[in-house]
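Overview (structure and organization)
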Amino acid sequence: MKTYFSYITPYKGRIAVGLIIKFIGTIMDLCLPWILSYMIDDVVPQKDVGLIVFWGVMMLLCAVAAVTTNIAANRMASKVARDTTEHIRYDLFKKTLSLSARKTDEFSIPSLISRLTSDTYNVHHMTGMMQRLGVRAPILLIGSVCITLIMEPVLALIMVAALPLVAAILILVSKKGIPLYTKQQEATDDLVRTVRENYSGIRVIKALSRTDYEKSRFDKTNGELVNREKKAGITMAVMSPGMNIVLYGALTLIVLVGAVRVNLGVSQVGKIVAFTSYFTIISNSLMMINRMFTNFSKGCASARRICEVLDCTDEMFVAQPDVKQTGNHIDFENVSFSYDGQMPAVSDISFSLKKGDTLGIIGKTGCGKSTLMSLLMRFYDVDSGSVRINGEDVKGIQPERLRSMFGVVFQNDFLMSGPIRENIAFGREISDENIQKAAEWARAMEFISALDKGFDADLAAKGNNFSGGQKQRMLIARALAGNPEILILDDSSSALDYKTDAELRREIASRKGEMTTIIIAQRISSISSAGLILVMDEGRIIGSGTHEQLLETCPMYAEINEIQMGEAMVS
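A brief report on the enclosed structure follows.

About the criteria used
Residues numbered from 1 in each chain as written. Predicted model: local features only at pLDDT ≥ 70, side-chain atom pairs only at ≥ 80, totals over all residues. Heavy atoms only, no water. Helix = DSSP H or I, 4+ residues; strand = E, 2+ residues; numbered from the N terminus. Buried < 20%, exposed > 50% of the residue type's maximum accessible area, 1.4 Å probe, protein only. Contact = heavy atoms within 4.5 Å. Areas by Shrake-Rupley, 256 points an atom, 1.4 Å probe, with all protein chains shown as cover. Lys, Arg positive; Asp, Glu negative; His and termini not counted. Charge placed at Lys NZ, Arg CZ, Asp CG, Glu CD. Axes fitted to C-alpha atoms, helices over the stretch in contact; angles between N-to-C directions. Parallel < 35°, antiparallel > 145°, perpendicular 65-115°, else oblique. Left-handed = near helix turned anticlockwise from the far one by under 90°. Nonpolar A, V, L, I, M, F, W, Y, C, P; charged D, E, K, R; others polar. Arc of directions from axis to C-beta. Core = buried A, V, L, I, M, F, W, Y, C linked by side-chain atoms within 4.5 Å. Expected span 1.5 Å × (residues − 1). Patch = residues over 30% accessible without salt bridge, like charges linked within 9 Å, V, L, I, M, F, W, Y side chains within 5 Å. Salt bridge = Lys/Arg side-chain N within 4 Å of Asp/Glu carboxyl O. Pairing = 2+ DSSP bridges. Disulfide = S-S within 2.5 Å.

Description of the overall build of the protein chain
In terms of regular secondary structure, the protein chain is built from 21 helices and twelve strands. For the C-alpha atoms alone, the extent of the protein chain along its principal axes is close to 115 × 55 × 45 Å. Out of the 571 residues belonging to the protein chain, those deemed buried represent 48%. Counting only contacts in the protein chain whose residues sit at least 6 apart along the sequence, the fraction spanning at least 24 positions is 77%. For the protein chain, the exposed area adds up to about 28600 Å²; of that, 60% sits on carbon and sulfur atoms. When the 62 positive and 60 negative side-chain charges of the protein chain are each reduced to one mean point, those points stand 8 Å apart.

Right, dumping it as C-alpha cells:
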C-alpha cells in the first residue's frame, strides 16, 4: 500500500481542501435536527411568527450549504480519483512493457490484463469513496453521538451501548472479506485467460467443431468466478443485516424509553424527534461505513495486486560492460538455459557469426530454436555461458540500444488494425521511401500496389482480411524497414510459396555485408544457402556446417532433406 499512497501524495493539497469543504457540509447536516428540536420545544411555544420564519430560513440555509459543499467536495474527490488512477494505470502499463519475459511468465498475460483493467477500476472506486465518505461518515457518527449525549444522555447511552457490537461486526466481516476478494480477482484472471485463448483461436475452434467443448470449459471457469464472487458477496452481505439487527433493536428500546420519559415530564417532544433524526443519521453513517469497508476490501486487494507488479524487482538489470575482442558479430559461448530452473531448454550451445553471415537453424518442434533468439535479444538471461554482439556481452548493453539492432519476425507475430503503412513503420520514424523499399525487398509490393489505396489500405484486427502469405510478407517488410544490424526470421516463410521464398532468400543474400541474418525454418529450402546451418535436437546442436556438409555428416538433416525433397517432387 506504500506504493499506492505515493500516487495519492501529490494531491494531498487538493484532498485537504476537499476534506475541509466536506467537513463544513457535514456540520451543516448535523445542525438541522438540533434547529428542528429548538424550534419545536422553544420557538413554537412563544408563538412568534418572525422567530419561526428566522429559524426556518436558518434551516434552509444550512440545508443549501450542506448540499452545495457536498457536491463541490464530491467533484474534487472524483478528480483526485480519476487523476490518481490515470497515473497508476499508465505506470502499470509502462511496467508491464519493461518486465522481462521471465517475470511476464510468472504473472501471466491474463493476470496483467486483469490488474490493468478491473483492479485499477476497484482502486479508482476506493480512492473516490474514501474521500467522499471517509470524513463524512465518521463526523456524522461521532457528531450525532456527542449531540445526543448532551441532548438526551439516558437515551444516548442505550445507543452508545450498541456501537461496540456494530464495530465488532464491521471488523470481523472485513477481515474475512479482503482475502476473498483477492481470490475473486485470481478467478477473474482465469476467466480473462480462457476468453483470450478462445478469441485468439476462434477459427481453429470452429474448424475442429470444438465450440461445445470450449463452452463447457468457459462455463467451468465462469462458474468458479461466480462461486468466489458469491462467497465474497455473502460474507460482506452479513455486515448490513447484522448492523441493522443491533441498530433497530436499540431504536426500539430508545422509542420505548423516550415515550416513558416524555410521559414523566423529564424530556420534551422536540428532543425525542431530534433524537430519532440523529439516530437515523447514525444509522446512515454506519451504512456508509459498511459501504466503505466493502469497497475498501476490494480496493485493498486490487491495490496489493497492482503493487506486486509496480514493486517487483526485475532481474534483468544492466550489468557492467563486458567487452571481449572476438572479431565476430555474434558469439554464443557454452550457453545453457532453462525456463523453470529444472529442465534445460538449451544446453552447451556455441557458435559464431561474422558480420553479414547468414545462419540457418532447423530442428524438431520444441528443440530450442526460438529460445536461442530470445537469449540473443535478452528476453531471458542465460543460466551459464555468454551471448555477445560485437564482442559485448548482451547483459551489459542498454535495452534500447540492444533492441534497436534487430529486425524480427516471430512465429506468432501480429498486425494491428490500421493502414499498411503504419503497420510497416510501427511507430518508428521511417520515410515513405524506406517503407516502399522494405515492401519491395519482402516481395509485398506485388499485392500492395494492386490495392485501391495502396499503403493506405486498412488491415482488419490481426490482418484477417489478408492471406497468410501476404501477412508474412508485411511482417518481413516491417523487420527490414528499420535497416537492422541483425535480421531474425523465425519460421516467417511457412506460408510463402517456394518461388516467393526463393526470391526473398536471394534478396537477403544480395544484401550480404549489410546485416547478419538468422533464419529459423522447418523447410530446408529456406536455409540451404546459409553459410552456417545448425541442426538442433532436445536443446543441443547435433550438427553444424553448410547444406552439403550436413547431408554427409548429419543423418537427421539428411533424413529431413530426403522427406522434403520427396514431398516437393510429389507436389
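Some details on the packing of helix α2 (residues 12-43) against helix α3 (residues 49-98)
Running from amino to carboxyl end, α2 crosses α3 at an angle of 160°, the nearest separation of the two axes being 8 Å. As summarised for this structure, α2 and α3 are arranged roughly antiparallel, according to the angle between their axes. As α2 runs across α3, the sense of the crossing is left-handed. Partitioning the contact of α2 with α3 into residue classes produces 25 nonpolar, six polar and five charged.

Focus on helix α15 (residues 432-441)
Along α15, the residues classified as buried are Ile-435, Ala-438, Ala-439 and Trp-441. Down the axis, α15 shows its buried residues gathered within 160° of arc, on one side only. Against α14 (420-425), α16 (445-448), α17 (468-481) and α18 (498-510) lie the buried residues of α15. Positive backbone phi, approximately 60°, marks Arg-443, located one or two places after α15.

A word on the environment of Ile-202
Within the secondary structure layout, Ile-202 lies in helix α8 (residues 202-207). Exposure remark for Ile-202: the relative accessible area of 35% places this residue in the partly exposed category. A sequence separation of twelve residues divides Ile-202 from Glu-214, and the C-alpha atoms of the two residues are 9.9 Å apart.

Topic: the nonpolar core
Membership of the largest hydrophobic core comes to 45 residues, with the highest contact counts inside it found for Ile-362, Ile-420, Phe-455, Ile-476, Leu-480 and Tyr-557. Beyond its immediate chain neighbours, meaning those up to four positions away, Leu-480 contacts Ala-438, Trp-441, Ala-442, Leu-487 and Met-515. Core analysis: the second largest hydrophobic core is formed by 43 residues, Met-129, Ile-169, Ile-254 and Phe-275 among them.

So, α17
Compared with an ideal rise of 1.5 Å per residue, which puts 14 residues at 20 Å, α17 spans 20 Å between its outermost C-alpha atoms and is within 8% of the ideal. Burial within α17 is extensive, with twelve of its 14 residues counted as buried. Just past α17, the residue Asn-483 takes up positive phi, approximately 45°.

A closer look at a nonpolar patch on the surface
On the surface, Ile-40, Val-262, Val-269 and Val-273 cluster together into a nonpolar patch covering about 260 Å² of accessible area. By the element assignment, Val-269 lies in helix α11 (residues 269-310).

Observations concerning the packing of helix α5 (residues 109-133) against α11
One can describe the packing of α5 onto α11 by two numbers: an axis separation of 7 Å at closest approach and a directional angle of 140°. As judged from the angle between their axes, α5 and α11 are oblique. Where α5 crosses over α11, the handedness of that crossing is left-handed.

Focus: the sheet that holds strand β10 (residues 516-520)
With mixed pairing, six strands are arranged side by side in an open sheet as β6-β9-β10-β3-β11-β12. The strands lining the two open edges of the sheet, one partner per strand, are β6 (406-409) and β12 (540-545). Neighbour-to-neighbour, the strand axes of the sheet open up by a mean angle of 15°, direction not taken into account. Where strand β3 (residues 358-363) and β10 come together, four bridges link them in parallel fashion. Residue pairing across strands places Gly-360 opposite Ile-519, the latter belonging to β10.

As for the pattern of salt bridges
A side chain of one charge can pair with a side chain of the opposite charge when the charged atoms of the two come close. Within the structure shown, the criterion is met by 20 salt bridges. Residue Glu-392 pairs with Arg-401 through a salt bridge whose shortest N-O separation is 3.0 Å. Across the salt bridge formed by Glu-433 and Lys-437, the nearest N and O atoms sit 3.6 Å from each other. In this pair, Glu-433 and Lys-437 are both assigned in helix α15, four residues apart and thus about one turn of the helix distant. Because the salt bridges share partners, they merge into one network encompassing Asp-322, Lys-324, Glu-333 and Arg-388.

Let's talk about the pairing of strand β2 (residues 344-353)
Inspection of the sheet shows strand β1 (residues 330-338) paired to β2 by six bridges, in the antiparallel sense. Looking at the pairing, Asp-331 lines up with Ser-352 of β2. The antiparallel pairing of β1 with β2 creates a hairpin that spans five residues between the two strands, and Gly-341 there sits at a positive phi of about 80°.

Looking at the side chain of Ser-526
Looking at the secondary structure, you find Ser-526 in helix α19 (residues 524-527). In this view, Ser-526 contacts Ser-493, Asp-501, Arg-505, Ile-519 and Ala-521; residues no more than four positions away in its chain are not counted.

Considering the sheet that holds β2
Across the sheet, which stays open at both edges, the four strands sit in the order β2-β1-β4-β5 with antiparallel pairing between neighbours. Since the sheet does not close on itself, it has two edges, and those belong to β2 and β5 (392-393), each with one partner. Where strand β4 (residues 384-389) lies against β5, two bridges are found, and the strand directions are antiparallel. By the bridge assignment, Ile-389 is partnered in β5 with Glu-392.

Here we look at the environment of Ala-477
Tracing the sequence through the fold places Ala-477 in helix α17. The sequence separation of Ala-477 and Arg-443 amounts to 34 residues, and the corresponding C-alpha distance is 8.3 Å. Sequence-distant contacts of Ala-477, defined by excluding residues within four places in its chain, comprise Ile-424, Ala-438, Ala-439 and Ala-442.

Section: unusual backbone geometry
At Arg-443, a position not held by glycine, the phi torsion is positive, near 60°. Within the secondary structure layout, Arg-443 lies in the loop between α15 and α16. Given a relative accessible area of 22%, Arg-443 falls into the partly exposed group. One non-glycine residue, Asn-483, adopts positive backbone phi at about 45°. A residue is classified by how much of its surface remains accessible, and Asn-483, at 48% relative accessible area, is partly exposed.

Regarding the state of the cysteines
Throughout the structure, instances matching the rule amount to zero disulfides. Not engaged in a disulfide, the cysteine Cys-367 finds its nearest cysteine sulfur in Cys-554; these two sulfurs lie 12 Å apart. A relative accessible area of 2% means that Cys-367 is categorised as buried. You can call Cys-554 buried: its relative accessible area is 3%.

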